[in-house]
Amino acid sequence: MSVPRGADPETACPIAPVVDIVFSRWTTPILWSLHEYGRQRFVELERRIATITPKVLTQRLRQLERDGLVIRTYHPEVPPRVEYEISELGRSLAPLFAALSEWSVRLGEVERARVEYDARER
């Protein structure tokens, strides 16, 4: 892939928008949970991702629905029931997450590199 000389790296990098959508702080655990456990209610997601606040979970789910990665289903019952599930578009990210999961075995190398760097910098 050829990028024009002097191009702005933020706009020239073709994966930057993907990273913005998929790798925001809470998107990955939400998508992973929906992929792993299937359709879930808000409370179930909240329990599985214990450190997320209800406000942030609501915001992220709305954004993921807007991006087409999550499907929200409202059931007009008493009390009302809302369920979330990963969409086909969201499922298409599975190979990407699988590759990253495979790469995660190298995190020990990252930690060793950091230790070596920090030792040199002292």
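In short, a report on the structure. Sequence order as written defines the numbering, with residues in each chain counted from 1. Restriction of local features to residues with pLDDT of at least 70 applies here, the model being predicted, together with a cutoff of 80 or more for giving and counting side-chain atom pairs; totals for whole chains, interfaces and linings are based on all residues. No hydrogens and no water enter the side-chain calculation; it runs on all heavy atoms of the structure.

A pair of Phe, Tyr and Trp rings is counted when the ring centres sit within 6.5 Å of each other, with Trp represented by its six-membered ring. The angle between the planes then sorts it: under 30 degrees is stacked, over 60 is edge-to-face, the rest tilted. One pass over the full model with this rule turns up 2 aromatic pairs. Between Phe 23 and Phe 97 the ring centres are 6.1 Å apart and the planes differ by 85°, which places this aromatic pair in the edge-to-face class. Linking Phe 23 in the loop between α2 (16-22) and α3 (27-37) with Phe 97 in helix α7 (residues 94-103), this pair joins segments that are 74 residues apart in sequence. Between Trp 32 and Tyr 37, the ring centres sit 5.9 Å apart and the planes meet at 85°, which makes this aromatic pair edge-to-face. The way it works is that DSSP assigns letters per residue, a run of H or I at least four long becomes a helix, a run of E at least two long becomes a strand, and they are numbered from the N terminus.

Next up on the list: the layout of surface pockets. The way it works is a 1 Å grid over only the protein atoms, where trapped points that fit a 1.4 Å probe form a cavity and open points with protein on both sides within 12 Å along at least five of seven lines form a pocket, and then any residue with an atom within 4 Å of a point lines it. Grid points are joined across faces, edges and corners, and a volume is the space filled by probe spheres set on the points. In this structure, the largest pocket occupies an estimated 220 Å³ of space. The wall of the largest pocket is formed by Phe 23, Thr 28, Leu 31, Trp 32, His 35, Glu 36, Ala 94, Phe 97, Ala 98, Leu 100 and Ser 101. Secondary-structure elements contributing two or more residues to the lining of the largest pocket are α3 and α7.

Here we take up α3. Taken together, the buried positions of α3 are Thr 27, Ile 30, Leu 31, Ser 33 and Leu 34. End-on view of α3: buried residues confined to an arc of 160°, all on one side of the axis. Type-normalised accessible area, obtained with a 1.4 Å probe on protein chains alone, sets the label of each residue: buried when under 20%, exposed when over 50%, and partly exposed for intermediate values. To be clear, the arc concerns the directions from the helix axis to the C-beta atoms.

This part takes up the environment of Leu 100. Within the fold, Leu 100 resides in helix α7. Between the alpha carbons of Leu 100 and Ile 15 there is a distance of 15 Å; along the sequence they are 85 residues apart.

A word on unusual backbone geometry. Residue Pro 79 is bonded to the preceding Val 78 through a cis peptide linkage, with omega at -10°. Residue position: Pro 79 is located in the loop between β2 (70-75) and β3 (81-86).

The next subject is the pairing of β2. As paired strands, β2 and β3 are joined by 6 bridges and run antiparallel to one another. Considered in β3, the bridge of His 75 is made with Arg 81. Pairing between strands requires that DSSP locate at least two bridges from one strand to the other. The loop that links β2 with its antiparallel partner β3 comprises 5 residues.

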